[in-house]
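Now for the letters of each chain:
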Amino acid sequence: MKIENQADQRGISPVLLSIIVAAFIMAAYNNTFWGKAQRIFEGNTLHVALFGLAVFGLILFVIALFSGKWLQKPFLIFLLMVGGVSYYYMDTLGVMIDRDMIQNVMTTTMQEGKHLITFGFITHVVIYAIIPSIIVWMIPVKRPRFLRALVSQGFLAIAGIGLCAALLFANYKNFSGAIHDNKDLMGSFQPGAPITSTIRYANLVLNTRDIVLQPRGEDAVKGPLITTAQKPVLTVIMVGETARAQDFSLLGYERDTNPELEAMRDDITVFEDVRSCGTATATSLPCMFSRFGRGDYSYEAGLANENLLDILAHAGVNVEWFDNNTGDKGIAERIGGFQALTYQKDPEFCAVGECNDGIILKTLKEKSATITEDTVLVLHQIGSHGPSYYLRYPKEYERFTPACNDSELKNCSSGEIKNAYDNTIAYTDHILAESIKFLQAQDNVIPAMFYMSDHGESLGENGIYLHGTPYFMAPDTQTRVPMILWFSDAYKKAFGLDQACMDSRAKQPATHENMFHTILGMMDITTSERLPKLDVTSNCRTAAE
């Protein structure tokens, strides 16, 4: 006991250790935070310094709450590990870690996530997280007696929150406005942003665990057009991944990324201005298949209500989902027709351990031959998912060179990143065009196809890469997506669809919300859930509604 007490008398005080770690966090993990503060306060160094000092006081307050003998070092190491990891993604890729980003992380797969675990990331974590954590763990701390320790912790907490409050209220008008009008300011603070976002996500999950599913569209029935059709109607929903409208030559991009679709331009409908529901798959995908628009959709609403596929099933339509991505996010869990393609052992399309979208085309060909009833096939692409763009297309489809062949985007030039991404768009062009050619040749079904991407992508513009940026500050490259419809000659005849009318409708804005109502219209499903004004085909059928 005497030896232990002597050991406790050596080292630095717990208060000093807390101050050192808090200062290290402010200095080492928050380049983006300081940069945003400089911009928001228009270069006023005094305001930046005072606001930063207020945040420093807030950190001290939080740390003081966990400064007990057995809590302090584990908590400090936790902060260092979280900060070291999140700092990498914030400063290297411009990724803001909000609640939706935490949801993306929790719903992703190891196959997808492994591309973000690069040598650069590991090196960064070792330098900025592991080594500082080891130092904190090994540094001796001089522990006072319980009562004195309690007083010093209380003093640190009061001093920290007092410093924060005093500085904020001293310039309340400027600082409160900065926080309210620039949510990305504190959203870029590490490790505060990822920790609070994780707490918010955990709270969301807990609050929705007992949610009751509300049936939708139980009144759904097939209408007279599909009922009297001479053959089964097949609608293919091709869900794109990370395809941004800005890189489609069909939509004005200077590079010829859509040569195959351009060759059939008169037979397809290309919408000019389409906006996504979210900036990441975890939000956009369930929103696309829900009855809600972006303003009404929420995680809770998605869980609490049956979706498009459920309503199609209520009407007696056969629905199946084939996935070459990270899953259906629960959308297809009630239809019983889900099949994952990502890990197929196909030497042609899956030679690198994961499949490119050639496996989608192969699946479509195999499945179409077996269709004997009205069917909706959902084909979920891997599309242009980054950062490993080079894995999304076969080498022979590398049209734009030199392309970035590295998951570590900082090792590539902006031109190489752009080339690799545009190659993914060109390969999507090939998949869509070949799907259309194949479907047009089928004699056993009346086919149509609906293509829409879930969200876009940033390729380094303004220092932002990938996607998932909070919608309020997301660039157009993440929210403007391609939407392409195709109807076979047999479909146009059976449903009285006017192609010229569709081309005219394509000049008007559209959103993800239109998909729900349009698919119901394309399958001629009568239900109170379908709003004809949101069905882009509604006014283009012979018997317009």
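Residues numbered from 1 in each chain as written. Predicted model: local features only at pLDDT ≥ 70, side-chain atom pairs only at ≥ 80, totals over all residues. Heavy atoms only, no water.

> Explanation requested: the overall build of the chain in the structure shown.
In terms of regular secondary structure, the chain is built from 23 helices and 13 strands. Taken along its principal axes, the extent of the C-alpha atoms in the chain is 90 × 50 × 50 Å. Among the 545 residues that make up the chain, the fraction classed as buried is 55%. Considering only residue pairs separated by 6 or more positions, the chain has 78% of its internal contacts joining residues 24 or more positions apart. (Helix = DSSP H or I, 4+ residues; strand = E, 2+ residues; numbered from the N terminus. Buried < 20%, exposed > 50% of the residue type's maximum accessible area, 1.4 Å probe, protein only. Contact = heavy atoms within 4.5 Å.)

> Explain the nonpolar core to me, please; I cannot follow it from the model alone.
One broad trend across soluble globular proteins is that nonpolar side chains are buried collectively. In this structure, L261, I268 and I484 are the most contacted members of the largest nonpolar core, which totals 59 residues. Excluding residues that lie within four positions of it along the chain, I268 makes contacts with L250, L261, I436, I484, L485, W486, Q499 and D503. Counting residues in hydrophobic clusters, the runner-up holds 46 residues, among them V274, L285, L308 and I335. (Core = buried A, V, L, I, M, F, W, Y, C linked by side-chain atoms within 4.5 Å.)

> What's the story with the sheet that holds strand β11 (residues 483–487) in this structure? I'm lost.
Sheet strands pair by backbone hydrogen bonding; their relative direction is either parallel or antiparallel. If you walk across this open sheet you meet the 7 strands as β3-β11-β8-β2-β7-β5-β6, and the pairing is mixed. Two strands in the sheet have a free side with no partner beyond their single neighbour: β3 (268–270) and β6 (338–340). On average, each strand axis in the sheet is tilted by 15° relative to the strand beside it, whichever way the strands run. The sheet contact formed by strand β2 (residues 233–240) and strand β8 (residues 446–453) spans 8 bridges and is parallel. Residue pairing for β8: V239 is matched across the bridge by M452. Packed onto the sheet, helix α23 (residues 513–522) meets β2, β8 and β11 and runs at close to 175° relative to β8. (Pairing = 2+ DSSP bridges. Axes fitted to C-alpha atoms, helices over the stretch in contact; angles between N-to-C directions.)

> Would you explain the pattern of salt bridges in this entry?
Charged atoms that come close allow side chains of opposite charge to pair. Using the criterion set out here, one finds 23 salt bridges in the structure. With a shortest N-O distance of 3.6 Å, R216 and E529 are connected by a salt bridge. Of this pair, R216 sits in the loop between α12 (192–208) and β1 (221–222) while E529 sits in the segment after β13 (525–526), placing them 313 residues apart in sequence. Owing to a relative accessible area of 11%, E529 belongs among the buried residues under this scheme. In this structure, E272 engages K507 in a salt bridge whose closest nitrogen and oxygen atoms are separated by 3.7 Å. Here E272, found in the loop between β3 and β4 (274–275), pairs with K507, found in the loop between α22 (499–505) and β12 (510–511); they are 235 residues apart in sequence, far enough to count as distant. When its relative accessible area of 58% is taken as the criterion, K507 is described as exposed. (Salt bridge = Lys/Arg side-chain N within 4 Å of Asp/Glu carboxyl O.)

> Where do I start with the pairing of strand β5 (residues 318–323) in this structure?
Residues in a regular strand project their side chains so that they alternate between the two faces of the sheet. Within β5, 5 of the 6 residues are buried, leaving the element largely enclosed by the surrounding structure. Sheet topology note: the β5/β6 ladder contains 3 bridges and is parallel. Paired with W321 across the two strands is F338, which belongs to β6.

> What's the story with the packing of aromatic side chains in this structure? I'm lost.
Each aromatic ring pair is specified by the distance between its two centres and by the angle formed by the two planes. Inspection of the entire model under this criterion finds 20 aromatic pairs. Note on F33 and F189: the rings are 5.5 Å apart at their centroids and 65° apart in plane angle, and the pair reads as edge-to-face. One end of the pair, F33, is in helix α3 (residues 31–40); the other, F189, is in the loop between α11 (183–187) and α12, and 156 residues separate them in sequence. Neither F33 nor F189 differs from the other in exposure class; each is buried. Here R244 stacks its cationic end above the ring of Y421, 5.7 Å away from the centre of that ring. (Phe/Tyr/Trp six-rings, centres within 6.5 Å; stacked < 30°, edge-to-face > 60°. Lys NZ or Arg CZ within 6 Å of the ring centre and 35° of its normal.)

> Is there a simple way to explain the environment of I179 in this structure?
Here I179 is to be found in helix α10 (residues 172–181). When the C-alpha atoms of I179 and I40 are compared, they prove to be 9.6 Å apart, with 139 residues separating the residues in sequence.

> Is there a simple way to think about a nonpolar patch on the surface in this case?
Nonpolar side chains collect at one region of the surface, where M81, I117, I122, V126, I127, I130, I131, I134, I135, W137 and M138 lie side by side and expose about 1000 Å² of accessible area between them. For the nonpolar patch, the leading source of residues is helix α8 (residues 119–138), giving 9 residues. Here I127 is to be found in helix α8. The class for I127 is partly exposed, based on a relative accessible area of 45%. (Patch = residues over 30% accessible without salt bridge, like charges linked within 9 Å, V, L, I, M, F, W, Y side chains within 5 Å. Areas by Shrake-Rupley, 256 points an atom, 1.4 Å probe, with all protein chains shown as cover.)

> Help me understand the environment of M138 in this model?
With respect to the secondary-structure elements, M138 resides in helix α8. The exposure class of M138 is exposed, given its relative accessible area of 61%. Considering only alpha carbons, one finds M138 and P387, 249 residues apart in sequence, at a separation of 37 Å.

> Please clarify how the side chain of T281 should be interpreted in this entry.
Here T281 shows up in helix α15 (residues 281–288). The exposure class assigned to T281 is buried, which follows from its relative accessible area of 9%. Reaching out from T281, the side chain makes a polar contact with the side chain of E241 at a distance of 3.1 Å. In contact with T281, not counting residues within four places along its chain, are E241, P286, K329, H380, D454 and H455. (Polar contact = N/O pair within 3.5 Å; in protein donor to acceptor, adjacent residues only side chain to side chain.)

> I tried to follow the state of the cysteines on my own but got confused; where do I start?
Simply put, the disulfide is a covalent bond whose two ends are the sulfur atoms of two cysteines. Under the definition given, this model contains 4 disulfides. Across the disulfide from C404 sits C412; the S-S distance is 2.1 Å. Of note, the bridge from C404 to C412 carries an S-S torsion of about 70° and is right-handed in sense. Judged by its relative accessible area of 2%, C404 falls in the buried class. If the cysteines joined by disulfides in the chain are listed in sequence order, their pairing comes out as 1-2, 3-4, 5-6, 7-8. (Disulfide = S-S within 2.5 Å.)

> Where do I start with helix α4 (residues 45–64) in this structure?
An α-helical turn contains 3.6 residues, so a residue and the one three or four places further along point in the same direction. With 20 residues, α4 should cover 28 Å at 1.5 Å per step; its first-to-last C-alpha distance of 28 Å lies within 8% of that length. Turning to α4, its buried residues are H47, V48, F51, G52, A54, V55, F56, G57, I59, L60, I63 and A64. Summarising the contacts, the buried residues of α4 are in contact with α2 (14–28), α3, α5 (72–93), α9 (146–170), α10 and α11. (Expected span 1.5 Å × (residues − 1).)

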